[in-house]
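# Residue-level structural notes
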Amino acid sequence: PHYDLQCVKCGYIITMSEIEKLEEQIAELPNGCVTRKVINGKVYFYLQWRTPEKNESRILKPEEVELVKAQIETRNALTKQLRALKRNNYSYSPS
């Protein structure tokens, strides 16, 4: 069955497909943060993230840094939006 979420306070209806779409967008974007390290006078940028087992990282090419930073900001904004949708007193109703 298809379910919608309806806000108890305002009556606004969000379809599950909207939530699924947000979750898919989030999954496609990198997680973590960009860090800067200076080693032997050279500047390196890394994408760092946590897995259940350990912290991981990969070095970024200089041309990737700004793009990855923007993608992380987008992911964080979408995650915040998704959390707000899920926490705002929405109740499930079959449609």
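Up top is the structure.
About the criteria used
- Residues numbered from 1 in each chain as written.
- Predicted model: local features only at pLDDT ≥ 70, side-chain atom pairs only at ≥ 80, totals over all residues.
- Heavy atoms only, no water.
- Helix = DSSP H or I, 4+ residues; strand = E, 2+ residues; numbered from the N terminus.
- Buried < 20%, exposed > 50% of the residue type's maximum accessible area, 1.4 Å probe, protein only.
- Contact = heavy atoms within 4.5 Å.
- Expected span 1.5 Å × (residues − 1).
- Pairing = 2+ DSSP bridges.
- Axes fitted to C-alpha atoms, helices over the stretch in contact; angles between N-to-C directions.
- Core = buried A, V, L, I, M, F, W, Y, C linked by side-chain atoms within 4.5 Å.
- Salt bridge = Lys/Arg side-chain N within 4 Å of Asp/Glu carboxyl O.
- Phe/Tyr/Trp six-rings, centres within 6.5 Å; stacked < 30°, edge-to-face > 60°.
- Lys NZ or Arg CZ within 6 Å of the ring centre and 35° of its normal.

## Points about the overall build of the chain
Along its length, the chain carries two helices and six strands. Counting from the amino terminus, the chain carries its helices and strands in the arrangement β-β-α-β-β-β-α-β. By the burial criterion, 24% of the 95 residues in the chain qualify as buried. Partitioning the contacts of the chain with sequence separation of at least 6, the portion at a separation of at least 24 is 49%.

## Quick look at helix α2 (residues 65-87)
Over its 23 residues, α2 extends 33 Å from the first C-alpha to the last, a length consistent with the 33 Å expected when each residue adds 1.5 Å. Looking at α2, one finds that the buried residues are Val 65, Val 68, Ile 72, Arg 75, Leu 78, Thr 79, Leu 82 and Leu 85.

## Focus: the sheet that holds strand β5 (residues 55-60)
Spatial ordering of the open sheet is given by β3-β4-β5, a layout of three strands whose pairing is antiparallel. Of all the strands in the sheet, just β3 (33-39) and β5 have a single pairing partner and so form its edges. Here the strands of the sheet are splayed against their neighbours by 35° on average, with no regard to which way each runs. As paired elements, β3 and strand β4 (residues 42-50) share seven bridges and run antiparallel to each other. Across the sheet, residue Val 34 finds its bridge partner in β4, namely Leu 47. Here α2 sits on the sheet and contacts β3, β4 and β5; the angle it forms with β3, its principal contact strand, is near 145°.

## Details of the environment of Val 34
Its location among the elements puts Val 34 in strand β3. Leave out the neighbours within four places in its chain, and Val 34 touches Phe 45, Tyr 46, Leu 60, Val 65, Val 68, Lys 69 and Ile 72.

## Some thoughts on the nonpolar core
Nonpolar side chains in soluble globular proteins generally cluster together in the buried interior. Counting seven residues, the largest nonpolar core is built from Ile 19, Leu 22, Ile 26, Leu 29, Leu 78, Leu 82 and Leu 85. Mapped by element, the contributors of at least two residues to this core are α1 (16-28) and α2. When near neighbours in sequence (up to four residues on either side) are disregarded, Leu 22 contacts Leu 78, Gln 81, Leu 82 and Leu 85. Among the nonpolar cores identified, the runner-up in size contains five residues, and Leu 47, Leu 60, Val 68 and Ile 72 belong to it.

## Quick notes on the pattern of salt bridges
Scanning all chains against the criterion turns up two salt bridges. The partner of Glu 64 in a salt bridge is Arg 58, and the shortest N-O contact between them spans 3.6 Å. We classify Arg 58 as partly exposed; its relative accessible area is 37%.

## Let's talk about the packing of aromatic side chains
Applying the stated criterion across every chain, the model contains zero aromatic pairs. Over the face of the ring belonging to Tyr 46 we find Lys 37, whose NZ or CZ atom lies 4.8 Å from the ring centre.

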